[in-house]
Amino acid sequence: MTVEAALGTTTNFPSSSEEVLAVITAAERHRKFVWTAARVLREAALRTGLETLRYRERKLVLKRLATFLEDLAAEGVLQRRREVQSIGYGDEVGFDYVGSVKTAGPVRARND
């Protein structure tokens with residue numbers, strides 16, 4: 001089964017880095033977390049939906065979410081932890097939320 005097919009079985013799973021970031025920023029308003037694929041599902045209240053999937057489908061969803069977390073780390077929004085976390089579904093890579101990447105606005109010409 002492809003990742004898309006597994007994600008399609010339950011359409012509520014985050015399907016992009018932006019959707020994962022929305023879950024993270026909403027949860028981080030209240031307290032700090034170590035972010036793993038399982039934590040994203042827990043905070044999005046989708047953990048029960050994941051447990052209804054078969055093992056192979058579950059692994060695909062978790063890998064896809066881990067890829068989204070890695071993408072956010074590459075953008076500078078998350079910082080990867082050195083040690084493996086054992087929070088949800090076995091040993092997972094953990095991330096800390098460090099905030100949005102700020103981009104410079106447009107450069108304006110000065111009229112002297």
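Throughout what follows, the structure given in this document is the object of discussion. (Residues numbered from 1 in each chain as written. Predicted model: local features only at pLDDT ≥ 70, side-chain atom pairs only at ≥ 80, totals over all residues. Heavy atoms only, no water.)

### Here we look at the overall build of the chain
Inclusion rule: Secondary structure elements are taken from DSSP: a helix is a run of H or I of four residues or more, a strand is a run of E of two residues or more, and numbering for both begins at the N terminus. Only protein chains enter the accessibility calculation, which uses a 1.4 Å probe. A residue is then buried if its area is under 20% of the maximum for its type, exposed if over 50%, and partly exposed in between. Methods summary: accessible areas were calculated by the Shrake-Rupley approach with a probe of 1.4 Å, and residue burial reflects only the protein chains presented.
Regarding its fold elements, the chain presents 5 helices and 3 strands. When the helices and strands of the chain are placed in sequence order, the string is α-α-β-α-α-α-β-β. Counting only residues that meet the buried cut, the chain has 37% of its 112 residues in that class. Accessible surface for the chain amounts to roughly 7,300 Å². Of this, 48% is attributable to carbon and sulfur atoms.

### Remarks on a negative patch on the surface
Definition in use: Grouping into patches uses exposed residues only, defined as over 30% relative accessible area, and leaves out salt-bridged ones; the cut-off is 9 Å for like charges and 5 Å for nonpolar side chains (Val, Leu, Ile, Met, Phe, Trp, Tyr). By salt bridge we mean one thing: a side-chain nitrogen of Lys or Arg within 4 Å of a carboxyl oxygen of Asp or Glu. For the purpose of charge, His is not counted, nor are the chain termini; Lys and Arg are scored as positive and Asp and Glu as negative. By convention, the charge on Lys lies at NZ, on Arg at CZ, on Asp at CG and on Glu at CD.
On the surface, a cluster of negative charge is made up of E18, E19, D71 and E75. Turning to its location among the elements, E18 is positioned in helix α2 (residues 17-28).

### Regarding the nonpolar core
This is how the line gets drawn: To define a nonpolar core, start from buried Ala, Val, Leu, Ile, Met, Phe, Trp, Tyr and Cys residues and group those joined through side-chain atoms within 4.5 Å. Any pair of residues with heavy atoms lying within 4.5 Å of one another is described as a contacting pair.
Counting 23 residues, the largest nonpolar core has V20, I24 and W35 as the members making the most contacts within it. Listed by contribution, the elements that provide at least two residues to this core are α2, α3 (37-43), α5 (55-74) and β3 (92-97). A total of 6 residues in this core trace back to one element, the largest contributor, which is α5. Those residues in contact with W35 that lie beyond four places of it in its chain are V23, I24, A27, E28, V40, E43, L69, V93, G94, F95 and Y97.

### Some remarks on the sheet that holds strand β2 (residues 78-85)
The cut-off we apply is this: Whether two strands pair depends on DSSP finding at least two bridges between them.
Strand order in the open sheet formed by 3 strands is β1-β3-β2, with antiparallel pairing between adjacent strands. Edge strands, defined here as strands with exactly one partner in the open sheet, are β1 (34-35) and β2. Here 5 bridges tie β2 to β3, and the two strands are oriented antiparallel to one another. The residue of β3 that forms the bridge with L78 is Y97.

### Some thoughts on α2
Quick note on the threshold: To estimate the expected span of a helix, subtract one from its residue number and multiply by 1.5 Å. Here the arc refers to the directions that run from the helix axis out to each C-beta atom.
Taking 1.5 Å as the rise per residue, α2 with 12 residues should run 16 Å; its terminal C-alpha atoms sit 16 Å apart, in good agreement. The set of residues buried in α2 consists of S17, V20, V23, I24, A27 and E28. Each buried residue of α2 lies within a common arc of 125 degrees when the element is viewed along its axis, so the set occupies one face. Lining the buried residues of α2 we find β1, α3, α5, β2 and β3.

### Some details on the packing of α2 against α5
Applied cut-off: Angles run from 0 to 180 degrees between N-to-C directions of axes, and those axes are lines fitted to C-alpha atoms, restricted for helices to the stretch in contact. These descriptions rest on fixed angle ranges, namely under 35 degrees for roughly parallel, over 145 for roughly antiparallel, 65 to 115 for roughly perpendicular, and the rest for oblique. Residue classes follow a fixed rule: Ala, Val, Leu, Ile, Met, Phe, Trp, Tyr, Cys and Pro count as nonpolar, while Asp, Glu, Lys and Arg count as charged, and any other residue, Gly among them, counts as polar.
At their nearest, the axes of α2 and α5 sit 9 Å apart, and the two run at 80 degrees to each other. Comparing their axes, α5 and α2 come out roughly perpendicular. Residues S17, V20, L21 and I24 of α2 form the contact with α5, whose own contacting residues are L65, F68, L69, D71 and L72. Taken together, the residues of the contact of α2 with α5 sort by class into 7 nonpolar, 1 polar and 1 charged.

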